[in-house]
Amino acid sequence: MGFIAVVWGADRFVYGGAGLASNLGISRLVIGLTIVAFGTSAPEMLVSGMAAASGSRAMGIGNAVGSNITNVTLVLGAAAMVSPLTVHSRLLIREIPLLFVAMAVGWAFLYDLELSRAEGFALMAGLFALVFWIGIEARKETGNDELAASFEDDDIPSSLPTGKAVASFSIGLIALLVGSRVLVWGGVSLARGLGVSELIIGLTLVALGTSLPELAASVAAARRGEQDIAVGNVVGSNLFNLLGVLALPGIIAPGAVDRAIIVRDFPIMVGVTLLLVVLARNKRSHIGHKRGITLVITFVIYFVALFSGFV
């Protein structure tokens, strides 16, 4: 029930928020770069915040790292199995190196096995700086709203009465809040029932559930032939996760961090991102069906290995 409420709530939240912003005269470019981009990461942010607030800091941190691993392996792999994904050189030169920088900063903050409130605020400041930078770069490249036009009308409604927009936004936000709380409660109970740690649940089941919006968006983009959106959505979401999602446990409930995050999960996250770069390094700079299957198999191995205690 938590999964359903979170995914459906994120969709309604984005639809209503985008419609309301459009009615207020905000450009489609700004809406696309903020509300739509935030919407796919809203489940991770709210679940991590709820987990930290309820005393499950490990689940919140695990959700941030696990979602990144899931995005690169399962989400991109599934999208590539639908349609080969072209990875633009700009993404390899600019956004992906920035992702590695964010991973290095996150790892450095967690290296002492503690995430402080100051470090949480520093990560959140990085998120705001990232959104600001993306907006500036987008306007340099387009000079107009061409970039935002790449978002489907389902994401940014061209005409939506303000009353319906407010209702959709409010209902979506409530569903996100309630669904996140239910998901955390269910995850904690499941961890106890299965005899595994809350960190493992956060890295696997919770991360999988909160990555469903990214999975739906990337697969839909691949089916429409918009491979740049499919890949860009994952890279952008991973940046949001490392800066915004990882920040919330530190801001809300600073404290100790499980050593496994540093020695096992962060290296795996870096490894699958490097795998993505390697798979994209070919003459056509694209990830085909076989490479997509490789990514999905990597996700399955990681998922099973965590639950079985192999890693």
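Residues numbered from 1 in each chain as written. Predicted model: local features only at pLDDT ≥ 70, side-chain atom pairs only at ≥ 80, totals over all residues. Heavy atoms only, no water.

Student: What is the right way to read the overall build of the protein chain from this model?
Tutor: Scanning the protein chain from N- to C-terminus turns up 13 helices and four strands. Split into buried and exposed, the 311 residues of the protein chain put 50% on the buried side. Residue pairs at least 24 apart in sequence account for 87% of intrachain contacts in the protein chain once pairs closer than 6 positions are excluded. For the protein chain, the accessible area works out to roughly 13,300 Å², and carbon and sulfur atoms hold 67% of it. (Helix = DSSP H or I, 4+ residues; strand = E, 2+ residues; numbered from the N terminus. Buried < 20%, exposed > 50% of the residue type's maximum accessible area, 1.4 Å probe, protein only. Contact = heavy atoms within 4.5 Å. Areas by Shrake-Rupley, 256 points an atom, 1.4 Å probe, with all protein chains shown as cover.)

Student: Would you mind showing me how to read the pattern of salt bridges here?
Tutor: One side chain can pair with another of opposite charge once the charged atoms of both are near each other. Going through the model one piece at a time under the given rule, you end up with one salt bridge. Close ionic contact of Arg264 with Asp265 constitutes a salt bridge, the shortest N to O distance being 2.9 Å. Judged by its relative accessible area of 0%, Asp265 falls in the buried class. (Salt bridge = Lys/Arg side-chain N within 4 Å of Asp/Glu carboxyl O.)

Student: Looking at this structure, I do not really get unusual backbone geometry. What am I missing?
Tutor: Most of the time, phi is negative for any residue but glycine, and the peptide bond is trans. Not every positive phi belongs to a glycine, and Leu113 is a case in point at roughly 60°. Assignment of secondary structure puts Leu113 in the loop between α4 (89-110) and β2 (114-115).

Student: What should I look at first to understand the packing of helix α8 (residues 198-210) against helix α13 (residues 289-308) in this one?
Tutor: Two measures define how a pair of helices packs: the angle their axes make with one another and the distance between the axes. Here α8 crosses α13 at 140°, and the two axes come no closer than 9 Å. Put simply, α8 runs oblique to α13. The two elements α8 and α13 meet at a crossing, and its hand is left-handed. Residues Ile200, Ile201, Leu203, Thr204, Leu205 and Leu208 of α8 lie in contact with α13, whose contacting residues are Phe299, Tyr302, Phe303, Leu306 and Phe307. Of the residues in the contact of α8 with α13, the class split is 10 nonpolar, one polar and no charged. (Axes fitted to C-alpha atoms, helices over the stretch in contact; angles between N-to-C directions. Parallel < 35°, antiparallel > 145°, perpendicular 65-115°, else oblique. Left-handed = near helix turned anticlockwise from the far one by under 90°. Nonpolar A, V, L, I, M, F, W, Y, C, P; charged D, E, K, R; others polar.)

Student: What's the story with the packing of aromatic side chains in this structure? I'm lost.
Tutor: By convention here, two paired aromatic rings are described through the distance between centres and the angle between planes. Tallying each qualifying case throughout the model produces two aromatic pairs. An angle of 45° between the planes, with centres 4.9 Å apart, marks the rings of Trp107 and Tyr111 as tilted. Assessed through its relative accessible area of 34%, Trp107 is described here as partly exposed. With a relative accessible area of 53%, Tyr111 lands in the exposed category. Ring centres of Phe299 and Phe303 lie 5.6 Å apart, and the angle between their planes is 50°; on these two criteria the pair is classed as tilted. (Phe/Tyr/Trp six-rings, centres within 6.5 Å; stacked < 30°, edge-to-face > 60°.)

Student: Help me out: how do you make sense of the nonpolar core in this one?
Tutor: Grouped burial of nonpolar side chains is what soluble globular proteins tend to show. Core analysis: the largest hydrophobic core is formed by 34 residues, its most contacted members being Leu110 and Ile261. Sorting the residues of this core by element identifies α3 (57-82), α4, α5 (117-142), α8, α10 (227-245), α11 (247-252), α12 (259-280) and α13 as the ones contributing at least two each. Setting aside anything within four residues of it in sequence, one finds Ile261 in contact with Ile61, Gly62, Val65, Leu110, Leu199, Leu203, Phe266 and Pro267. Val72, Val234, Leu276 and Ala280 belong to the second-largest nonpolar core, a separate cluster that totals 21 residues. (Core = buried A, V, L, I, M, F, W, Y, C linked by side-chain atoms within 4.5 Å.)

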